[in-house]
Amino acid sequence: MAHRPTGVFTPTFASRPGEQVQIDSTPIDVMVVLDDGLPVRADLTIAIDVATRTICAADRSRNRLEGASKRVVRSSGSCTMAQ
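Residues numbered from 1 in each chain as written. Predicted model: local features only at pLDDT ≥ 70, side-chain atom pairs only at ≥ 80, totals over all residues. Heavy atoms only, no water.

## A look at the overall build of the chain
1) Next: Across its full length, the chain holds zero helices and three strands.
2) Next: Traced from its N-terminal end to its C-terminal end, the chain shows the element sequence β-β-β.
3) Next: Within the chain, contacts between residues separated by at least 24 positions form 26% of all contacts whose residues are at least 6 apart in sequence.
4) Next: Put simply, the chain shows about 6,700 Å² of open surface, and 56% of that area lies on carbon and sulfur atoms. (Helix = DSSP H or I, 4+ residues; strand = E, 2+ residues; numbered from the N terminus. Contact = heavy atoms within 4.5 Å. Areas by Shrake-Rupley, 256 points an atom, 1.4 Å probe, with all protein chains shown as cover.)

## Thoughts on the pairing of strand β2 (residues 39-49)
1) Next: Relative to β2, strand β1 (residues 21-33) runs antiparallel, the two being bridged by 10 bridges. Within β2, the position partnered with proline 27 by the bridge is aspartate 43.
2) Next: Pairing geometry for β2 and strand β3 (residues 54-61), over seven bridges, is antiparallel. Paired with aspartate 43 across the bridge in β3 is serine 61.
3) Next: The loop that links β2 with its antiparallel partner β3 comprises four residues; one of these, arginine 53, has a positive phi angle of about 55°. (Pairing = 2+ DSSP bridges.)

## A few points about the confidence of the model for the chain
1) Next: When pLDDT is averaged along the chain, the result is 76, and 73% of the positions lie at 70 or above.
2) Next: Of all helices and strands in the chain, the one with the weakest mean pLDDT is β3 (87), whereas β2 scores best (90). (pLDDT = per-residue confidence, 0-100.)

## Focus: the sheet that holds β2
1) Next: Read from one edge to the other, the open sheet built from three strands follows the order β1-β2-β3, with strand pairing classed as antiparallel. Looking along the sheet, the strands with just one partner apiece sit at the ends: β1 and β3. Strand-to-strand, the axes of this sheet are offset by a mean angle of 20°, without reference to chain direction. (Axes fitted to C-alpha atoms, helices over the stretch in contact; angles between N-to-C directions.)

Quick look at the structure:
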């Protein structure tokens, strides 16, 4: 552990719902057939409220370039997000 730099991330804490939401995307083992018949792998993007540890939004897309960062994420709870 010698010559190891100090941590670059500072721990954060959320005490109220909606105060901090973390978003992550990952490819999932699902193939989607597009309108033109081309099969592509789907991605799953979810938003998790840190204070309540609940999933407040989720979206699936056909690839990362068309994921939640380019459009509104459909919300299923009190947490709403937009581009």
